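Observations on chain architecture
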Amino acid sequence: MELRKQAVKTHTILDCKCHGVSGSCQVKTCWRIMTAFDVVGEYLRQRYHNGVLVTVDQSGNELVVAEAMLPVKPPRDDLVFLEESPDYCVPNTNTGSLGTTGRYCNKTSLGHGSCGVLCCGRGFNTIQVEEEFKCGCKFQWCCHVKCDTCRRTVDKHICKSPEDNDQFKDSNSQVSSDSVAVKQSNNHNTASKRSGNRRDRRKKE
């Protein structure tokens, strides 16, 4: 809470209004106003991502930077944390997280709920489903709207599981090994043809 108050206070901007005949600005009144919300939000987001992992020193009285070679106090203005945040991309019974496998995502969006964010870099599968929707709606006097029920086929995008990626990697490695085997057999066939041609030439001679 204190950090949010500090962020809002730090990012206030000065706004002024002139008073006077025909806008001569003989007297000016100024006050501070809040800046755009996304500016404060981006500032807090950067502070969160640049947080410093700390631990308690041997005396148990002070916090020191965990990854430092020597005991160093974290900067006063930085956010600090004692434990890494849990990974909500995978199921975790301790945190109650169900993971994001099988979640519907938005392929065209770039923000919250997009496949790029929600699927945690694992990619997504596309399936086609039939859904019902209201169509041909007409107003009937008085006062009722009557609609027909129509059906349409739409694409749905579902986040992949980590196992899907492992299977994909295994299938790629299998294809690579098969292609190598094919190349080796082709080379063997070519060599056999060359040796056969040499034997035929010797017989003719």
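From a predicted model like this one, the values you see are computed outputs, not experimental measurements.

Digging into the sheet that holds strand β8 (residues 104-105)
Backbone hydrogen bonds are what pair the strands of a sheet, in a parallel or an antiparallel way. The three strands lie next to each other as β8-β10-β9, forming an open sheet whose pairing is antiparallel. For this open sheet the edge positions go to β8 and β9 (124-140), each flanked by a neighbour on one side alone. Bridge count for β9 against strand β10 (residues 144-159) is 15 bridges, and the pairing is antiparallel. Residue Phe-139 lies in a different strand from β10, and its bridge partner there is Val-145.

Overview of the state of the cysteines
Taken as a whole and judged by the stated rule, the model has eight disulfides. The disulfide partner of Cys-16 is Cys-30, and the S-S distance across this bridge is 2.0 Å. Measuring the twist about the S-S bond at about 110°, one finds the Cys-16-Cys-30 disulfide to be right-handed. In this pair, Cys-16 is assigned in strand β1 (residues 13-19) and Cys-30 in strand β2 (residues 27-33), connecting sequence segments 14 residues apart. Judged by its relative accessible area of 37%, Cys-30 is partly exposed. Between the sulfur of Cys-135 and that of Cys-150 lies a disulfide, 1.6 Å long from S to S. Its S-S torsion of approximately 65° makes the covalent link between Cys-135 and Cys-150 right-handed.

With respect to the nonpolar core
Of all hydrophobic cores here, the largest spans five residues; its members are Cys-105, Cys-115, Leu-118, Cys-119 and Cys-159. With residues up to four places along the chain from it excluded, the contact list for Cys-105 reads Gly-113, Ser-114, Cys-115, Leu-118, Cys-119, Phe-124, His-157 and Cys-159.

Notes on the sheet that holds strand β5 (residues 80-81)
Read from one edge of the open sheet, three strands run β4-β3-β5, paired in mixed fashion. Whereas interior strands pair on both sides, the edge strands pair on one side only; in this sheet they are β4 (63-65) and β5. Of the strand pairs in this sheet, strand β3 (residues 52-56) and β5 are connected by two bridges, and their pairing is parallel. Paired with Val-52 across the strands is Val-80, a residue of β5.

Things to note about the environment of His-11
Positionally, His-11 belongs in the loop between α1 (2-10) and β1. Taking the C-alpha atoms as reference points, His-11 and Arg-32, 21 residues apart in sequence, are found 9.8 Å from one another. Those residues in contact with His-11 that lie beyond four places of it in its chain are Thr-35, Val-39, Val-40 and Tyr-43. Only 2.9 Å separates the side chain of His-11 from the backbone oxygen of Ala-7, close enough to count as a polar contact.

Rules and cut-offs
Residues numbered from 1 in each chain as written. Predicted model: local features only at pLDDT ≥ 70, side-chain atom pairs only at ≥ 80, totals over all residues. Heavy atoms only, no water. Pairing = 2+ DSSP bridges. Helix = DSSP H or I, 4+ residues; strand = E, 2+ residues; numbered from the N terminus. Disulfide = S-S within 2.5 Å. Buried < 20%, exposed > 50% of the residue type's maximum accessible area, 1.4 Å probe, protein only. Core = buried A, V, L, I, M, F, W, Y, C linked by side-chain atoms within 4.5 Å. Contact = heavy atoms within 4.5 Å. Polar contact = N/O pair within 3.5 Å; in protein donor to acceptor, adjacent residues only side chain to side chain.

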